[in-house]
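Spelled out from the first residue to the last, the chains are:
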Amino acid sequence: QVQLAESGGSLVQAGGSLGLSCAASGRTFSTYDMAWFRQAPGKEREFVAAIRRSGGNTYYGDSVKGRLTISRDNAKNTVYLQMNSLKPEDTAVYFCAANPNYSGSYSWTGTYRYWGQGTQVTVSS
């Protein structure tokens, strides 16, 4: 089992940048595919980005391509989300998630077994 803790959420102006981190407990972090999702008030949880356990493959939702970057440091048990050119529509609670299996769609919430509590990102116009 792994526990996830997000940090870095804040209030930022449109066009600004923000970096999120997700620290994982345990010694098996390198065996999990990781992802970020977000959820705005009244909306379903939305896929943002995913990264394979090796870090060699990354995937992004259409609305964030070219602006957000996912990365990981397996030595530090941490996955990151660098967000640039932020827009008001990026406002949401951001969650990190872990998938211990070798199957499942990377963009589907049901693929991920473990979830963090989320961190709030607010982008003002």
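Caption draft 1: Main features of the pairing of strand E4 (residues 33–39). The buried count for E4 comes to six of seven residues, which makes it a mostly enclosed element. In this structure, E4 lies alongside strand E9 (residues 92–99), joined through seven bridges in antiparallel fashion. Opposite Trp-36, over in E9, you have Cys-96 as the bridge partner. Sheet topology note: the E4/strand E5 (residues 46–51) ladder contains five bridges and is antiparallel. Of the residues in E5, the one forming a bridge with Trp-36 is Ala-49.

Caption draft 2: Fine view of the packing of aromatic side chains. Enumeration over the complete set of coordinates arrives at seven aromatic pairs. When the centroid spacing of 5.2 Å and the interplanar angle of 55° are considered together, the rings of Phe-37 and Trp-115 count as tilted. Of this pair, Phe-37 sits in strand E4 while Trp-115 sits in strand E10 (residues 114–115), and the two are 78 residues apart along the sequence. The buried category is assigned to Phe-37, whose relative accessible area is 0%. Linked through ring pairs, Phe-37, Phe-47, Tyr-59, Tyr-106, Tyr-112 and Trp-115 together constitute an aromatic cluster. Positioned above the aromatic ring of Tyr-102, the side-chain terminus of Arg-53 is 4.0 Å from the ring centre. Here Arg-72 stacks its cationic end above the ring of Phe-29, 4.5 Å away from the centre of that ring.

Caption draft 3: Quick peek at the sheet that holds strand E1 (residues 4–7). Spatial ordering of the open sheet is given by E1-E3-E8-E7, a layout of four strands whose pairing is antiparallel. Each end of this open sheet is capped by a strand with a single partner; those strands are E1 and strand E7 (68–73). Here the strands of the sheet are splayed against their neighbours by 15° on average, with no regard to which way each runs. Examined bridge by bridge, E7 and strand E8 (residues 78–83) share six bridges and lie antiparallel to one another. Within the sheet, the bridge partner assigned to Ile-70 lies in E8 and is Leu-81.

Conventions used here
- Residues numbered from 1 in each chain as written.
- Predicted model: local features only at pLDDT ≥ 70, side-chain atom pairs only at ≥ 80, totals over all residues.
- Heavy atoms only, no water.
- Buried < 20%, exposed > 50% of the residue type's maximum accessible area, 1.4 Å probe, protein only.
- Helix = DSSP H or I, 4+ residues; strand = E, 2+ residues; numbered from the N terminus.
- Pairing = 2+ DSSP bridges.
- Phe/Tyr/Trp six-rings, centres within 6.5 Å; stacked < 30°, edge-to-face > 60°.
- Lys NZ or Arg CZ within 6 Å of the ring centre and 35° of its normal.
- Axes fitted to C-alpha atoms, helices over the stretch in contact; angles between N-to-C directions.

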